[in-house]
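Spelled out, the chains give:
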Amino acid sequence: MESYSRVLSNDQLLEVLSLSKDATAIYTSEHIVIEMANDAMISFWGKDRSIIGKPLEDAVPELKGQPFINMLKNVLLTGVTDKGDAIPAETMRDGKLQTAYYTYEYRPIKDESGIPYCILHTASDVTDMVKAKKAIKETELQREALDQEQMLISIKEEQQKNDFISMVSHELKTPLTSISAYIQLMQSRNLADLFVVNTLGKVQKQIRKMSTLISSFLNVSRLESGEIQLNLSHFDLDKVILDVVDDLRLIYPANHINFESHIAKSIYADKDKIASVISNLISNAVKYSDLNSTVLIQSEISENEVHVSVTDHGIGIEPHDLEKLFDRFFRVSSQQTKTISGFGIGLYLSAEIINLHQGRIWAESDYGVGSSFHFCVPLAQADNV
Ligand code: ADP
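Rules used in this analysis
- Chains are numbered independently. Their residues run from 1 in the order of the written sequence.
- Per-residue local features of the predicted model are confined to residues with pLDDT of at least 70, and side-chain atom pairs are confined, for both listing and counting, to 80 or more; whole-chain, interface and lining totals are unaffected and use all residues.
- Neither water nor hydrogens contribute to the side-chain values; these are computed over all heavy atoms in the structure.
- At least two bridges found by DSSP between two strands is the condition for calling them paired.
- The helix count covers DSSP runs of H or I at least four residues long, the strand count covers runs of E at least two residues long, and both are numbered beginning at the N terminus.
- Angles here are taken between N-to-C directions and fall from 0 to 180 degrees, while the axes themselves are lines fitted to C-alpha atoms, restricted in helices to the stretch in contact.
- Only protein chains enter the accessibility calculation, which uses a 1.4 Å probe. A residue is then buried if its area is under 20% of the maximum for its type, exposed if over 50%, and partly exposed in between.
- An automatic or database domain assignment is the source of the domain bounds shown.
- Whether two residues are in contact is decided by their heavy atoms, any of which lying within 4.5 Å being enough.
- Once two parts are brought into contact, the accessible area they lose, counted with a 1.4 Å probe and summed over both, makes up the buried area.
- In protein, a polar contact means a hydrogen-donor-capable atom and an acceptor-capable atom, both N or O and within 3.5 Å, with residues adjacent in sequence counting only if both atoms are side-chain atoms; elsewhere, any N or O pair within 3.5 Å suffices.
- Here the word oblique covers every angle except those under 35 degrees (roughly parallel), over 145 (roughly antiparallel) and from 65 to 115 (roughly perpendicular).
- By convention the crossing between two helices is left-handed if the near helix lies anticlockwise of the far one by an angle smaller than a right angle, and right-handed if it lies clockwise.
- Amino acids outside the nonpolar list (Ala, Val, Leu, Ile, Met, Phe, Trp, Tyr, Cys, Pro) and the charged list (Asp, Glu, Lys, Arg) are all regarded as polar, and Gly is one of them.
- Two aromatic rings, drawn from Phe, Tyr or Trp (for Trp, its six-membered ring), form a pair once their centres lie within 6.5 Å of each other, and the interplanar angle then sorts them: stacked below 30 degrees, edge-to-face above 60, tilted otherwise.
- What we call a nonpolar core is a set of buried Ala, Val, Leu, Ile, Met, Phe, Trp, Tyr and Cys residues that are connected through their side-chain atoms within 4.5 Å.

**Student:** Can you walk me through the sheet that holds strand 10 (residues 305–311) in this structure?
**Tutor:** Backbone-to-backbone hydrogen bonds join strands into a sheet, with any given pair of strands oriented parallel or antiparallel. Strand order in the open sheet formed by five strands is 7-9-10-12-11, with mixed pairing between adjacent strands. The sheet is open, and its two borders are formed by strand 7 (256–259) and strand 11 (360–366), each paired with just one other strand. On average, adjacent strands in this sheet sit at an angle of 15° to one another, irrespective of strand direction. Bridge count for strand 9 (residues 294–302) against strand 10 is seven bridges, and the pairing is antiparallel. Looking at strand 10, one finds that Q298 is bridged to S309.

Below, the structure is given as structure tokens:
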């Protein structure tokens, strides 16, 4: 049997190295002479095989001014491996100097006494990967910039919308206040004509509704520009509920608005704003129920808060709509609600007011049977009373 030669010739060594997927080269002497390089390495440099046997800086002159030759000399001097990931290097590609990225290793090969006598250089071209990563990063940055720009635009648009709502509301309020004053003047004239008296009463009612609506719009714009502040004082909650109920009984004489007060419940809150929440909940209970239906208001103390609930026997709310009720401009869209006017801001404002009081507001409903709206606000603390 033929025995194999145990010493590889240079050509055989080159053949073995050329099978390696990594670009490989071997350098010797302090002048970093290319002892051997496989095709992959030669193509990285953009040269041909004639460079073998030449010092690296002569063979690949574009490496001058780049740190690699000094790094190789250093490896030979210190005997310490040098490696790096995705390092940029200027190399000749298609006749042009181009930046490519390499992951490389310069490994010193030492003799028995530990002195390095050559360097094994392996490298892989990771330019495509680096470029892909850069492209992804750039797209992300662009998207972020776009998102930010979009956000600024929507904040600005929101601001303009709020300014507009606020301006229109102010403009509408002024003539309405005058109309209301004229009506009151006419009503004070002890009119004999019953029709006129009744009609004036109805006009006044509509004016009040419109006025409440305009105020709600104004409050939305104030709230969104952070202008709403609580005007806190101590008061009896049940007294406020009674006042609101008395008022609403006049507006909705056909409905039965029931409220029984048992004990005084002192809270430290913004009286007008809490009154507007109660008024809104009762008005909704009437609005979304049949004429003549009953609305029940209850208030009770539980632990250190008061709990108010407004229960109706109206159209009810489907479970999937319940969680959206307190969103700005949300209205349930159904055949029944189509004919009932509203803007979907009452509950939004109510929730904001209750939240400002560190309270909670929520709704429960049995669709087709009725709903109850609840809120809790803290009782006046003993040291506040
Ligand atoms: P608006 O009544 O002006 O539309 P709200 O913010 O007060 O605005 O209410 C939001 C929506 O919640 C209403 O459009 C209505 O669909 C629903 N809703 C509120 N209260 C009730 C209720 N008591 N019964 C049934 N649906 C209600």
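Don't stop here, the text continues.
**Student:** Got a minute to help me understand the pairing of strand 10 in this structure?
**Tutor:** In regular strands, side chains alternate between the two faces of the sheet. Most of strand 10 is tucked away, with six of its seven residues classed as buried. The hairpin turn running from strand 9 into strand 10, its antiparallel successor, is two residues long, and E303 in that turn takes a positive phi close to 55°. Looking at chain direction, strand 10 and strand 12 (residues 370–378) are connected through seven bridges and run antiparallel. Counterpart to T311 in the pairing with strand 12 is S372.

**Student:** Looking at this structure, how should I read the domain arrangement of the chain?
**Tutor:** Often, the extent of an interface is quoted as the loss of accessible area on bringing the components together. Parsing the chain into structural domains produces domain 1 (2–125), domain 2 (133–224) and domain 3 (232–384). Using C-alpha coordinates to define each centre, domain 2 is positioned 21 Å away from domain 3. At the interface, eleven residues of domain 2 touch twelve residues of domain 3. Across the domain 2 to domain 3 interface the summed buried area is about 1,100 Å²; carbon plus sulfur atoms make up 70%. On the domain 2 side of the contact with domain 3, K205, R208 and L223 bury the most area, a combined 41% of that side's loss.

**Student:** How should I be thinking about the side chain of S372 in this particular structure?
**Tutor:** Along the chain, S372 falls in strand 12. With a relative accessible area of 12%, S372 lands in the buried category. A polar side-chain atom of S372 sits 3.3 Å from a polar atom in the side chain of H374. When residues no more than four places from it in sequence are discounted, the contact partners of S372 are V310, T311, W362, A363 and E364.

**Student:** Please explain the side chain of T127 as it appears in this structure.
**Tutor:** Along the chain, T127 turns up in helix 5 (residues 127–187). We classify T127 as buried; its relative accessible area is 5%. In terms of polar contacts, T127 uses its side chain to reach the side chain of D125, at 2.4 Å. The residues touching T127, leaving out its near neighbours within four places in the chain, are T99, A100 and Y101.

**Student:** In this structure, what is going on with the packing of helix 5 against helix 6 (residues 194–224)? I would like to understand it.
**Tutor:** For the pair helix 5 and helix 6, the least separation of the axes is 8 Å and the interaxial angle reads 155°. By the angle between their axes, helix 5 is roughly antiparallel relative to helix 6. Between helix 5 and helix 6 the crossing geometry is left-handed. A breakdown of the residues in the contact of helix 5 with helix 6 according to their chemical character gives 13 nonpolar, twelve polar and three charged.

**Student:** Quick question: what am I supposed to make of the packing of helix 8 (residues 271–287) against helix 10 (residues 346–356) here?
**Tutor:** Two numbers describe a pair of packed helices, the interaxial angle and the distance between the axes. Taken N-terminus to C-terminus, the directions of helix 8 and helix 10 make an angle of 145°; their axes are 9 Å apart at the nearest point. Crossing angle aside, the handedness with which helix 8 passes helix 10 is left-handed. Each of K273, I274, S276, V277, N280, L281 and N284 in helix 8 lies in contact with helix 10, whose residues at this interface are G346, L347, S350, I353 and I354. When its residues are assigned to classes, the contact of helix 8 with helix 10 shows six nonpolar, five polar and one charged.

**Student:** Just to check I follow, could you spell out the sheet that holds strand 1 (residues 23–28) for this structure?
**Tutor:** An order of 2-1-5-4-3 is seen for the five strands of this open sheet, with the pairing classed as antiparallel. At either margin of the open sheet sits one strand with a lone partner, and together these are strand 2 (33–37) and strand 3 (82–93). The mean inter-strand angle of the sheet, taken between neighbouring strand axes irrespective of direction, is 35°. Sheet analysis places strand 3 next to strand 4 (residues 96–110), joined by ten bridges and oriented antiparallel. Bridged to P88 within strand 4 is Y101.

**Student:** Quick question: what am I supposed to make of the packing of aromatic side chains here?
**Tutor:** Ring pairs (aromatic) are described by centroid distance and by the angle formed between their planes. All told, the structure shown has four aromatic pairs when counted by the stated rule. With centroids separated by 4.9 Å and ring planes inclined at 70°, the aromatic side chains of F217 and F343 adopt a geometry described as edge-to-face. A residue pair is termed long-range when its members are at least 10 positions apart, and F217 in helix 6 and F343 in the loop between helix 9 (319–322) and helix 10 qualify at 126 residues. For the pair F326 and F373, a centre-to-centre distance of 6.4 Å together with 70° between the ring planes defines the contact as edge-to-face. Of the two residues, F326 is situated in the loop between helix 9 and helix 10 and F373 in strand 12; the sequence distance between them amounts to 47 residues. The pair F326 / F373 is uniform in exposure class, with both members buried.

**Student:** Explanation requested: the nonpolar core in the structure shown.
**Tutor:** Here is a general trend for soluble globular proteins: nonpolar side chains tend to be buried in one another's company. L237, I274, I278, I282, I297, L325 and F375 are the most contacted members of the largest nonpolar core, which totals 41 residues. At eight residues, the largest contribution of residues to this core is made by helix 8. If near-sequence neighbours (up to four positions away) are discounted, F375 is found in contact with I274, V277, I278, L281, V306, H307, V308, I354, R360, I361 and W362. Among the nonpolar cores identified, the runner-up in size contains 27 residues, and I34, W45, A59 and L63 belong to it.

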